[in-house]
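Spelled out, the chains give:
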Amino acid sequence: MKKIIVLVLILFPKLILSQWEPTSWDSDMVLQNIYINENIIIYAKSYGGIVISIDKGKTWKTIDESNMDIVPNTILVKGNNIFIGGFGFLYVSTDLGETWQSKINGMQSFPIVNSLVNIGNKIFAGSAGGVFISTDNGENWTVKNNGFGKYLTVFKMINSGDKLLVSNQSGIFLSTDLGESWIQKNKGLPEYYTYDKLSLVDSLILIGSNVDIYNGGINKIFITTEDKQTLTATEV
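These lines cover the structure that appears in this document, whether it is placed above or below. (Residues numbered from 1 in each chain as written. Predicted model: local features only at pLDDT ≥ 70, side-chain atom pairs only at ≥ 80, totals over all residues. Heavy atoms only, no water.)

1. A few points about the overall build of the protein
Helices and strands together make up the secondary structure of the protein, namely one helix and 20 strands. Taking all 236 residues of the protein together, 42% fall into the buried category. A sequence separation of at least 24 residues applies to 37% of the contacts in the protein between residues at least 6 apart. Carbon and sulfur atoms provide 52% of the accessible area of the protein, an area that totals close to 13000 Å². (Helix = DSSP H or I, 4+ residues; strand = E, 2+ residues; numbered from the N terminus. Buried < 20%, exposed > 50% of the residue type's maximum accessible area, 1.4 Å probe, protein only. Contact = heavy atoms within 4.5 Å. Areas by Shrake-Rupley, 256 points an atom, 1.4 Å probe, with all protein chains shown as cover.)

Following this line, the structure appears as structure tokens:
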């Protein structure tokens, strides 16, 4: 655990703050996820629904529409458009949360969306059916799974410029052509484990393994950089 703490302190020195201040939001809700994009802050509530601030936390709006009683797995903001995906849904708002519409044309009838990424005019959705791409703000989706093999479920997806990385049941896959094809990058990773955590800090890539009860569990974090293939395991 000491190695991980040291790593975090080195990578995020500017995040060590001297004082915290309360926001205007007075609530005892249980929160699950947080998404921040410039002035916009979005909280996902553990028991369904989201809370939005478009002024850096000065004011808040709870989305309590009946069709929004869901728990998002992932949130993406692109201009005035907000995308939220989860277990059986992908909703899009084009007016910063005032109204919402389901946008799953081209996906499975019951999509499980785990990760959303934006590069240029393209939105990438990592789901139980693999990777889907939209070039029209979610109106239509096209599947792009070339190179994945038999395991399609994407747990996490990140990007570094135009490069895309996803983690799934087979390990880590890289795309350098905006999702048109995928190449497995598992050198240094043990086989038969689920890698469901994936983060990028500058050129440092961190991959977390799920505790797999069927294979004994490894509970490690693997680290590499964009210009290296070998991953180093770090105990947690």
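2. Regarding the environment of glycine 97
As for its placement among the helices and strands, glycine 97 is situated in the loop between strand 7 (89–93) and strand 8 (101–102). On the basis of relative accessible area, glycine 97 is assigned to the buried category, the value being 0%. For the pair glycine 97 and serine 53, spaced 44 residues apart in the sequence, the C-alpha separation amounts to 9.7 Å. The contacts of glycine 97, once residues within four sequence positions are left out, are Ile52, Lys61, Ile63 and Ile82.

3. Observations regarding the sheet that holds strand 12 (residues 142–143)
The strand order across the open sheet formed by four strands is 9-10-11-12, and the pairing between neighbours is antiparallel. The open sheet has two edge strands with one neighbour each: strand 9 (113–119) and strand 12. (Pairing = 2+ DSSP bridges.)

4. Observations regarding the pairing of strand 15 (residues 171–175)
Burial within strand 15 is extensive, with five of its five residues counted as buried. Across five bridges, the pairing between strand 14 (residues 163–168) and strand 15 is antiparallel. Opposite asparagine 168, over in strand 15, you have glycine 171 as the bridge partner. Hairpin remark: strand 14 followed by strand 15, antiparallel, with two residues in the connecting loop. Alignment of strand 15 against strand 16 (residues 183–184), held across two bridges, turns out to be antiparallel.

5. A look at the side chain of lysine 122
Inspection of the secondary structure assignment puts lysine 122 in strand 10 (residues 122–127). Nearest to the buried, unbridged lysine 122 among oppositely charged side chains is glutamate 180, at 4.8 Å. With sequence-adjacent residues up to four places away left out, lysine 122 is seen in contact with Val117, Ile133, Ser134, Thr135 and Leu178. (Lys, Arg positive; Asp, Glu negative; His and termini not counted. Salt bridge = Lys/Arg side-chain N within 4 Å of Asp/Glu carboxyl O.)

6. A closer look at the nonpolar core
Membership of the largest hydrophobic core comes to 26 residues, with the highest contact counts inside it found for Ile42, Ile82, Ile84, Trp100 and Leu116. Mapped onto this core, the elements with two or more residues apiece are strand 2 (40–45), strand 3 (50–53), strand 5 (72–78), strand 6 (81–86), strand 7, strand 9 and strand 10. The element contributing the most residues to this core is strand 7, with four residues. Counting residues in each nonpolar core, the second largest holds 12 residues, with Val131, Phe148, Val154 and Met157 among its members. (Core = buried A, V, L, I, M, F, W, Y, C linked by side-chain atoms within 4.5 Å.)

7. So, the side chain of asparagine 168
Examined against the element boundaries, asparagine 168 turns out to sit in strand 14. For asparagine 168, the residues in contact, after removing those within four places along its chain, are Phe148, Tyr151, Thr153, Val154, Phe155, Phe173 and Tyr195.

8. Comments concerning the pattern of salt bridges
Counted under the stated rule, the structure contains three salt bridges. Here lysine 103 and glutamate 139 are joined by a salt bridge, their closest N and O atoms 2.6 Å apart. Taken as a pair, lysine 103 in the loop between strand 8 and strand 9 and glutamate 139 in the loop between strand 11 (130–134) and strand 12 lie far apart in primary sequence, 36 residues in all. What makes lysine 103 buried here is its relative accessible area of 12%. Two residues, glutamate 180 and lysine 144, come together in a salt bridge whose shortest N-O distance is 3.2 Å. Of this pair, glutamate 180 sits in the loop between strand 15 and strand 16 while lysine 144 sits in the loop between strand 12 and strand 13 (154–160), and the two are 36 residues apart along the sequence. When its relative accessible area of 38% is taken as the criterion, glutamate 180 is described as partly exposed.

9. Describing the packing of aromatic side chains
Here the structure, examined in full by the defined rule, presents four aromatic pairs. On the numbers, 5.2 Å between centres and 80° between planes, the contact of phenylalanine 87 with phenylalanine 110 is edge-to-face. Within this pair, whereas phenylalanine 87 is found in the loop between strand 6 and strand 7, its partner phenylalanine 110 is found in the loop between strand 8 and strand 9, the two being separated by 23 residues in sequence. Note on phenylalanine 87: relative accessible area 56%, which makes it exposed. Assessed through its relative accessible area of 46%, phenylalanine 110 is described here as partly exposed. Ring geometry for phenylalanine 148 versus phenylalanine 173: centroids 5.1 Å apart, planes at 75°, classification edge-to-face. Highlighted residues: phenylalanine 148 in the loop between strand 12 and strand 13 and phenylalanine 173 in strand 15, separated in sequence by 25 residues. Taken as a pair, phenylalanine 148 and phenylalanine 173 share a single burial class, namely buried. (Phe/Tyr/Trp six-rings, centres within 6.5 Å; stacked < 30°, edge-to-face > 60°.)

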